[in-house]
Structure formats: structure tokens, C-alpha cells
Amino acid sequence: MKAVTITEFGSAEVLQLTEIPQPIPVGNEVLIEVKASGVNRSDVLQRQGKYAAPTNTPNEIPGLEVAGVVVVCGPDVTQWKEGDRVCALLGGGGYAQFVAVKEGQCLPIPAKLDFIEAASLPETVFTVWSNIFERGSFQPGESLLVHGGSSGIGVTAIQLAHAFGSRVITTVGTDEKAQYCSDLGADLCINYKTQDFEEVLKNSGVDVILDMIGGPYFEKNLHVLNEDGRLVYINAESGKDVSLDIWQMMVKRLSISGSTLRGREYEYKKRLAEEVLKYVWPLIENGKFKPIVYKAYSYTDVVQAHQCMEQSKHIGKIILDWEV
Ligand SMILES: NC(=O)c1ccc[n+]([C@@H]2O[C@H](COP(=O)([O-])OP(=O)(O)OC[C@H]3O[C@@H](n4cnc5c(N)ncnc54)[C@H](OP(=O)(O)O)[C@@H]3O)[C@@H](O)[C@H]2O)c1
């Protein structure tokens, strides 16, 4: 089968199409014929050598999510049958024509979605659900600040929090992105290049913050959190070393946490899939949540797809299409 391989760490050109053996599903794994693969910032970091794959996951083939058709079921599979349309959360290996994954990490593709749209969902939906709604204990009626509102993560967080009846604030890098996020349901969009979010929010405050920036945003985040506020990290793109005012944390009773999804155990991902099916999939059916696909590239143009992400002009998700 064809796969996109990281031949060495470096710029997007190190991604090359290669021929490798097709995986054979074992135990409770299904083999998916991949129709579309989601591109994530983590794939770019992995290609650059800044984000190693967890043990038992090949580091040379990126790809954390796919959509496609089940073509073979391992002997212990009970949930799926050949021909089922599924999307799946992966530990890696999604930039390939076939991938084997445990059945509990797959979800049915909602009837109204095509493969490109479905491939845009698993990584961001699972991450947002686990970090905002579970780790952040976000409740309807509370307010959420999500940094990087135009990212794949951001457009998912905005829509889900809005659908749950909450006030959503976001930071973005351009006025065009601000308008887009506003149309998606954000109540307030702050262009971080022209405005200081701490200044804008100093009188209103927020209950939960999802941050992937870290560094200089840390103290500002603490300042704008309400009492009993929760700050959740999913990355630290602008620096992982910060200085904590413990007294401020105590006085406001703040909780600070973070997580990485990729290395979590199967049982956790399976449970998340069940929660997503129960709480998020119905929002797709009733039109309150939709995939936001910026552009689908042919798998042969994977270099351009990564370059597109690095230019950061995109809004929503970038996808690799294996059917063209
Ligand atoms: N921990 C986990 O389990 C987990 C899982 C999935 C993703 N993530 C992380 O989540 C982040 C988003 O992933 P993605 O795939 O959705 O990436 P993405 O689409 O490339 O988004 C990254 C965004 O960061 C924004 N940004 C950069 N500097 C900023 C700043 N100073 N203030 C506010 N926004 C800023 C950029 O928007 P502008 O152009 O507007 O600046 C860009 O849209 C990545 O850091 C990724 O590693 C973590």
C-alpha cells in the first residue's frame, strides 16, 4: 500500500510517498481502507522531530485520524462489519491507504457527512471533549476562553461550547478569522495581534480556559480566570516554563491541568468514543455542530498540505484525500 513517510526530520519536503506492507488486523482491530486523513499541528511537530510518537506506534508515518470503510475485521471484533463507514482516532499511521485500529476507537460516520468531513473530526472532538468538558468540568452557562479560535481545536471548541448554551470568547490572529469564529458562535473574538486579551477581559472574567500557547499567556490566563476557574493545557507552543503565583491560585481557588490524548490507554479512548457518540454526534444530526474543512489536498500533495498548516492562514481543518 501507499503511505506518506517521514524520511528524516525537517521541512515539509521530507514527507515522501512510499510503498509499505498493508497491516493485518489482529484481535479486536479492524482494517480500514482510508478515504481521507486529517492533518493536525501535531503531525507537523512530529515531522520536525519535536513530538515523538508513543511507544508501540510507528514514528515514521504520521496521521492521528482517518475516515474510510472497514474491509477486514479481526477475530474478536464485535462492533463492526465489513463495509461499515467509520472514522477513527489513531495513535499514528493515518497517512496511509490502510490502517489497523482497535474497534473502540472507531465511530460511525454520521449519515450527512462525507469522508473528507468525517476525517476532520476525531482528533479535535476527542481532545475538546476530554479537556474542556471532562478535565475542565465545563458546565452549561459558564464562560469559556479558547485560544487559537481558528485552529481545528478552536472551531470545535467554539461550536460545542456554544451548542451547550455557554458564552465563548476566543483569540485569533486576523480580523477575518475573528469574523469566521463569530459566525460559528463565538460571543467575543479578540485579535491577539492588535488587542491584549487580559485587558479586554479584566472586568468580565472567564470560568474555563483551553490553552495551547503557554509561555506569556500563563499569567494573563490566571488573571482573567474567575474564582474556582479551570485552566487546561493541550500544548505550550510559546513556551513550557512559566512562573506560578501560588498565592493567586489559592485565593481564587484555581485548578491548573493539562493532558495529551495520543499516549492514553485504549480503555480511555474507547470511553471517550462512547461519550462523543452520545453527546456530540447528535449535535451533528441536528445541525448545531458541523465539520469545518478549510481544504482537502490529494495525498500526493501532502507537502503542500503541511506547508499550508505552517503558514497558519487556514480556518478549521486540512485534509488529505486518498480518492483523487
Ligand atoms: N494535548 C493534546 O492531546 C492535543 C490534541 C490535539 C491538538 N493539540 C494541540 O492543539 C493545538 C491546535 O492544534 P490544531 O491541529 O488545531 O492546529 P492548527 O489548526 O494549526 O492551529 C494552531 C493555531 O494556533 C494559533 N495561534 C498561534 N499563535 C497564537 C497566539 N499567540 N494566540 C492565539 N492563537 C495563536 C494560530 O492561529 P492564528 O493564525 O490566528 O495565530 C493557529 O490557528 C496544537 O498546539 C496541537 O499540538 C493537543
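Along each chain, residues carry numbers from 1 onward, in the same order as the chain's sequence is written. Whole-chain, interface and lining totals are the exception, using all residues; otherwise, since this is a predicted model, local features are given only for residues with pLDDT of at least 70 and side-chain atom pairs are given and counted only at 80 or more. Only hydrogens and water are removed before side-chain values are computed, so all heavy atoms of the structure are retained for them.

Engineer: Would you mind showing me how to read the packing of helix H3 (residues 122-135) against helix H4 (residues 152-163) here?
Structural biologist: Axis definition: a line fitted to C-alpha atoms, limited for helices to the stretch in contact. Angles are taken between N-to-C directions and run from 0 to 180 degrees. Runs of H or I in DSSP of at least four residues are treated as helices and runs of E of at least two as strands, each being numbered from the N terminus. It is at 9 Å that the axes of H3 and H4 come closest, and there the two elements cross at 60 degrees. Relative to H4, H3 is oriented oblique. Here H3 runs over H4; the crossing is right-handed. Touching Thr124, Val125, Thr127, Val128, Ile132 and Phe133 of H3 are Gly152, Ile153, Thr156, Ala157, Leu160 and Ala161, all from H4. Residue classes follow a fixed rule: Ala, Val, Leu, Ile, Met, Phe, Trp, Tyr, Cys and Pro count as nonpolar, while Asp, Glu, Lys and Arg count as charged, and any other residue, Gly among them, counts as polar. Here the contact of H3 with H4 is built from residues that sort into eight nonpolar, four polar and no charged. Oblique is the label for every angle not falling under 35 degrees (roughly parallel), over 145 degrees (roughly antiparallel), or within 65 to 115 degrees (roughly perpendicular). Here is the rule for handedness: rotate from the far helix to the near one, and if that takes an anticlockwise turn smaller than a right angle the crossing is left-handed, while a clockwise turn gives right-handed. The criterion used for residue contact is that any of the two residues' heavy atoms lie within 4.5 Å.

Engineer: How do you make sense of the UniProt feature "domain: Enoyl reductase (ER)" (unreviewed entry) in the protein when you look at a structure like this?
Structural biologist: UniProt positions are given in the numbering used here, feature names are shortened, and annotations may be inferred rather than shown by experiment. Mapped onto this numbering, the UniProt entry annotates "domain: Enoyl reductase (ER)" (unreviewed entry) at residues 10-320. The annotated region residues 10-320 carries 31% helix and 26% strand content, and the separation between its end C-alpha atoms amounts to 20 Å.

Engineer: Is there a simple way to explain the domain arrangement of the protein in this structure?
Structural biologist: By a widespread convention, an interface's size corresponds to the accessible area lost as its parts come together. Domain delimitation in this document rests on an assignment produced automatically or drawn from a domain database. Domains assigned within the protein are domain 1 (2-121 + 262-321) and domain 2 (124-258). With 29 residues of domain 1 at the interface, the matching set in domain 2 holds 22 residues. Each partner contributes to the roughly 2100 Å² buried at the junction of domain 1 and domain 2, and carbon and sulfur atoms together form 67% of this total. We count a salt bridge whenever a side-chain nitrogen from Lys or Arg sits within 4 Å of a carboxyl oxygen from Asp or Glu. Summed over the shared surface of domain 1 and domain 2, the result is one salt bridge. Between N or O atoms, a polar contact is any pair within 3.5 Å; within protein, one atom must be a potential hydrogen donor and the other a potential acceptor, and residues adjacent in sequence are included only when both atoms are from side chains. The tally of links between domain 1 and domain 2 comes to seven residue pairs in polar contact (both at pLDDT 80 or more). Breaking the side of domain 1 that touches domain 2 down by element, the ones donating at least two residues are helix H1 (41-47) and helix H9 (266-279). Among the elements that make up the side of domain 1 that touches domain 2, the one with the highest residue count is H9 (eight residues). Take the accessible area each of two parts loses on contact, using a 1.4 Å probe, and add the two losses: that sum is the buried area.

Engineer: Mind showing me how you'd approach the packing of aromatic side chains here?
Structural biologist: Two aromatic rings are characterised by how far apart their centres lie and by the angle between their planes. Here is the rule: rings of Phe, Tyr and Trp (six-membered ring for Trp) pair when centre to centre is within 6.5 Å. Planes less than 30 degrees apart are stacked, more than 60 are edge-to-face, and the remainder are tilted. Scanning all chains against the criterion turns up eight aromatic pairs. Pairing tryptophan 129 with phenylalanine 133 gives two aromatic rings, centres 4.6 Å apart and planes at 15 degrees, and the pair type is stacked. A residue pair is termed a helical-turn pair when its members lie 3 or 4 positions apart in one helix, as tryptophan 129 and phenylalanine 133 do in helix H3 at four residues. Burial here depends on accessible area, computed with a 1.4 Å probe over protein chains only, as a share of the maximum for the residue type. Under 20% is buried, over 50% is exposed, and the range in between is partly exposed. Looking at phenylalanine 133, the relative accessible area reads 13%, which means it is buried. Among the aromatic residues, ring-to-ring pairing joins Trp129, Phe133, Phe138, Phe164 and Tyr279 into one connected group.

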